[in-house]
Amino acid sequence: MSANLRLTRPLTLSLTLTGPPMRYSVFSLLAQTLKGHKGWQPTWRDAVPKPEYDVLVIGGGGHGLATAYYLASRHGIRNVAVIEKGFIGSGNVGRNTTIIRSNYLLPGNTPFYELSMKLWEGLEQDLNYNAMVSQRGVLNLYHSDAQRDAYARRGNAMRLAGVDAELLDREQVRAMVPFLDYENGRFPIQGGLLQKRGGSARHDAVAWGYAHAGDRNGVDIVQNCEVTAISMENGRAVGVETTRGPIRAKKVALAVAGNSSRVAAMAGLRLPIESHVLQAFVSEGVKPLIDTVVTYGAGHFYVSQSDKGGLVFGGDIDGYNSYAQRGNLPVIEDVMESAMALWPGVGRIRMLRHWGGIMDMSMDGSPIIDHTPVAGLYLNAGWCYGGFKATPASGFCFAHLIARDEPHPVAAAYRLDRFATGRVIDEKGVGAQPNLH
Amino acid sequence: MRITCPYCGARDAQEFGYLGDANPQRPDGMDATEAAMHDYVHLRDNPAGRHRELWYHGAGCHAWLVVTRDTRTHAIEAVEVARKTKAGAAA
Ligand SMILES: [Zn+2]
């Protein structure tokens, strides 16, 4: 919880009933309490699109909203719109499992995700919005000597890059999470790699917080506005056609992960991306059971607990091209089997809901933040199933690229042409087979 | 999702492995330009809708199949044996 005690405007102004959304503070909460909470303003304006913008961001997910916010707040570019085909928070920003971490191995990734972690650490004060960022730790379990060595290497790479990492033995893990099956005959838990600064955040509040802070900086957030074409003049992107009419822009930025191929195709581009469905799960609410994030090392499964009490967990993508936002039973079975292998006690808890989101699975498992071959068209894509944790740095670096026409140093490796030049960033080392990343 | 294998009948998708889009054709590695090879290895149409794709019946007859499936609904329109359809040839 972040109680924000900073006041940058007089208290009376924060109670005004017109104009941009109010600044949230303990004083505005107190004042509203005295008024029976009847004076709250919408968190952001539901804007009507203007004919032209300096920058038009397609996609009102976490990354698009963050991009617009950082364009306005860090680069002074305030004539910006975010256009979203549905409503804010209806896509992947509200479909993930809310984990944040920066435990990456490769040089192209580590500094980027660490910037993201640092932005998470100051996010609520920066946005003036409670995103419930909780640094409860992320613990990756290992089950063999070889896996321990691989995690030691990863931890050392992280520490060399200034990221926190601790290699725990079995008894240290047991002290943290005593209820796991340590005696599992096939995959006994030997220890874990812990990033204490990792954890979770409330994903809806991340979308709302960026929308709130972007709006306060002049960004127009246009909902129910689907792009139907990218307008081109002399080979340059000059705007879009939408279900709410044409909008011109000096720069057009794509942040539509899941649908990147479809939107890029409107500008004649083919991307190194396949769209796949990833399922996620939540159990019925139970009393506090697990106060950290645990990932199973012998299968793809990870679990944490939301503040409402539900166990939130996930596993592999289904593994075939899909835009359906729903998956099939084999992956559900696989995730439940992994859960039971790691933590037999969860067998007594009922699953409440599951859902699917569409991932941009790139050909090396890493994202793209770059210019495109089309002048005036910028691309933010390929987040695979790691986009949520990247939200702040993705927006930060994409805004930098759009504003200055040069990559931010920590995102310089996320080039679109790296597949052609061989400079791929393949954390898992499985090659150009998206369903294996 | 069930896939009706021409040899084995309707089987759970769990029995099959997925490779991806069946349309890209591997260029001759001795002749192809780097750009053509890059296009084959990395770039995909990734359509929302009808998709011809390669599946392998690993827990069944071990045949490679070309499945025509709608990526928006997962509905399967056709399943052919890849060897007979010249895998990689456009539909
Ligand atoms: Zn068969």
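Residues numbered from 1 in each chain as written. Chains lettered and ligands numbered in written order. Predicted model: local features only at pLDDT ≥ 70, side-chain atom pairs only at ≥ 80, totals over all residues. Heavy atoms only, no water.

Novice: Outline the overall build of chain B, supporting the account with residue identities and numerical values.
Specialist: The number of helices and strands found in chain B is two helices and six strands. Across chain B, helices and strands are ordered from the amino to the carboxyl terminus as β-β-β-α-β-β-β-α. If one aligns the C-alpha atoms of chain B with their principal axes, the spans along those axes are about 40 × 25 × 20 Å. Expressed as a percentage of the 91 residues in chain B, the buried residues total 41%. (Helix = DSSP H or I, 4+ residues; strand = E, 2+ residues; numbered from the N terminus. Buried < 20%, exposed > 50% of the residue type's maximum accessible area, 1.4 Å probe, protein only.)

Novice: Give a detailed account of the coordination of the zinc ion, specifying residues and quantitative values.
Specialist: Residues and elements named next belong to chain B. Bound to the zinc ion on the protein side are Cys5 (SG), Cys8 (SG), His57 (ND1) and Cys61 (SG), at distances that span 2.1 to 2.4 Å. Relative accessible area serves as the criterion here: at 23%, Cys8 is assigned to the partly exposed category. Its relative accessible area of 29% is what places Cys61 among the partly exposed residues. (Donors = N, O, S within 2.8 Å, 3.2 Å for Na, K, Ca; no water.)

Novice: Go over a negative patch on the surface, please, and point to the residues and values.
Specialist: Together, Glu333, Asp334 and Glu337 of chain A together with Asp12 of chain B make up a region of like negative charge exposed at the surface. At three residues, helix α8 (residues 329-342) of chain A tops the list of elements feeding residues into the negative patch. One can find Asp334 of chain A in helix α8. (Patch = residues over 30% accessible without salt bridge, like charges linked within 9 Å, V, L, I, M, F, W, Y side chains within 5 Å. Areas by Shrake-Rupley, 256 points an atom, 1.4 Å probe, with all protein chains shown as cover. Salt bridge = Lys/Arg side-chain N within 4 Å of Asp/Glu carboxyl O. Lys, Arg positive; Asp, Glu negative; His and termini not counted. Charge placed at Lys NZ, Arg CZ, Asp CG, Glu CD.)

Novice: Break down the packing of aromatic side chains for me, with residues and values.
Specialist: All names here are of chain A. Summed over the entire model, instances satisfying the criterion amount to 18 aromatic pairs over all chains. With a centroid separation of 5.0 Å and 80 degrees between ring planes, the pair formed by Phe112 and Tyr414 is classed as edge-to-face. A residue pair is termed long-range when its members are at least 10 positions apart, and Phe112 in helix α3 (residues 110-127) and Tyr414 in the loop between α9 (387-404) and α10 (418-421) qualify at 302 residues. Here the two residues Phe112 and Tyr414 agree in accessibility, since each one is buried. Over the ring of Tyr182 we find Arg174, and its NZ or CZ is 4.6 Å from the ring centre. Over the face of the ring belonging to Tyr323 we find Arg262, whose NZ or CZ atom lies 5.8 Å from the ring centre. (Phe/Tyr/Trp six-rings, centres within 6.5 Å; stacked < 30°, edge-to-face > 60°. Lys NZ or Arg CZ within 6 Å of the ring centre and 35° of its normal.)

Novice: Describe the sheet that holds strand β5 (residues 166-169) of chain A, naming the residues involved and giving the relevant values.
Specialist: All names here are of chain A. The strand order across the open sheet built from eight strands is β5-β6-β4-β13-β14-β15-β12-β16, with neighbouring strands paired in mixed fashion. Every interior strand has two partners, whereas the edge strands, β5 and β16 (351-362), have only one. Averaged over all pairs of adjacent strands, the angle between their axes in this sheet comes to 25 degrees, without regard to strand direction. In this sheet, strand β13 (residues 293-296) lies alongside strand β4 (residues 138-142) in parallel orientation, the contact comprising three bridges. Note that in β13 the partner of Leu139 across the bridge is Val294. Helix α4 (residues 145-160) contacts β4, β5 and β6 (191-195) of the sheet and is inclined by roughly 150 degrees relative to β4. (Pairing = 2+ DSSP bridges. Axes fitted to C-alpha atoms, helices over the stretch in contact; angles between N-to-C directions. Contact = heavy atoms within 4.5 Å.)

Novice: Summarise the interface of chain B and chain A; cite the residues concerned and give the values.
Specialist: Of the residues lining the interface, 23 residues belong to chain B; the matching set on chain A comes to 25 residues. Between chain B and chain A lies a buried interface of about 2100 Å² when both sides are counted; carbon and sulfur atoms form 48% of it. For chain B, the biggest contributors to the area lost against chain A are His42, Asn46 and His74 of chain B; these three give 29% of the whole. At the surface where chain B touches chain A, the tally comes to three salt bridges. The shortest N-O distance in the salt bridge between Asp39 of chain B and Arg270 of chain A comes to 3.0 Å. At the surface where chain B touches chain A, the tally comes to 15 residue pairs in polar contact (both at pLDDT 80 or more). Of all the elements in the fold, those that place two or more residues in the side of chain B that touches chain A are β3 (17-21), α1 (34-42) and β4 (50-56) of chain B. The element that contributes the greatest number of residues to the side of chain B that touches chain A is α1 of chain B, accounting for four residues. Here the residues of the side of chain B that touches chain A sort into eight nonpolar, nine polar and six charged. (Buried area = accessible area lost by both parts, 1.4 Å probe. Polar contact = N/O pair within 3.5 Å; in protein donor to acceptor, adjacent residues only side chain to side chain. Nonpolar A, V, L, I, M, F, W, Y, C, P; charged D, E, K, R; others polar.)

Novice: Give a description of the domain arrangement of chain A that names residues and reports values.
Specialist: Residues and elements named next belong to chain A. We note that the domain assignment places domain 1 (52-97 + 204-272 + 364-436) and domain 2 (133-197 + 274-361) within chain A. Placing a centre on the C-alpha atoms of domain 1 and another on those of domain 2 gives a separation of 28 Å. Counting from both sides, the interface comprises 19 residues of domain 1 and, opposite them, 21 residues of domain 2. Roughly 1700 Å² of surface becomes buried between domain 1 and domain 2 when both sides are summed, with 52% attributable to carbon and sulfur atoms. Area buried by domain 1 at its contact with domain 2 is led by Arg95, Thr97 and Tyr385, which between them contribute 38% of it. Remark: the boundary between domain 1 and domain 2 carries one salt bridge. (Domains from an automatic or database assignment.)

Novice: Outline the confidence of the model for chain A, listing residues and values.
Specialist: Mean pLDDT for chain A: 94, with 95% of residues reaching 70 or above. Across residues 1-18 of chain A the pLDDT falls below 50, and counting only partners more than four positions away or on other chains, this stretch makes 32 contacts in the model. (pLDDT = per-residue confidence, 0-100.)

Novice: So, unusual backbone geometry: which residues are in play, and what are the values?
Specialist: Residue and element names in this part refer to chain A. The phi dihedral of Thr98 falls on the positive side, at around 65 degrees, and the residue is not glycine. On the basis of relative accessibility, which here comes to 16%, the residue Thr98 falls in the buried class. Phi at Asp405 is positive, roughly 55 degrees, even though this residue is not glycine. Among the secondary structure elements, Asp405 is positioned in the loop between α9 and α10.

Novice: I'd like a rundown of the sheet that holds β4 of chain B, residues and numbers included.
Specialist: Residues and elements named next belong to chain B. Strand order across the open sheet formed by four strands is β3-β4-β5-β6, with antiparallel pairing between neighbours. Lying at the two open borders of the sheet, with one neighbouring strand each, are β3 and β6 (76-81). Direction aside, neighbouring strands of the sheet carry axes that sit 25 degrees apart on average. Bridging between β3 and β4 involves four bridges; their strand directions are antiparallel. Looking across to β4, one finds that Asp21 is bridged to Glu53.

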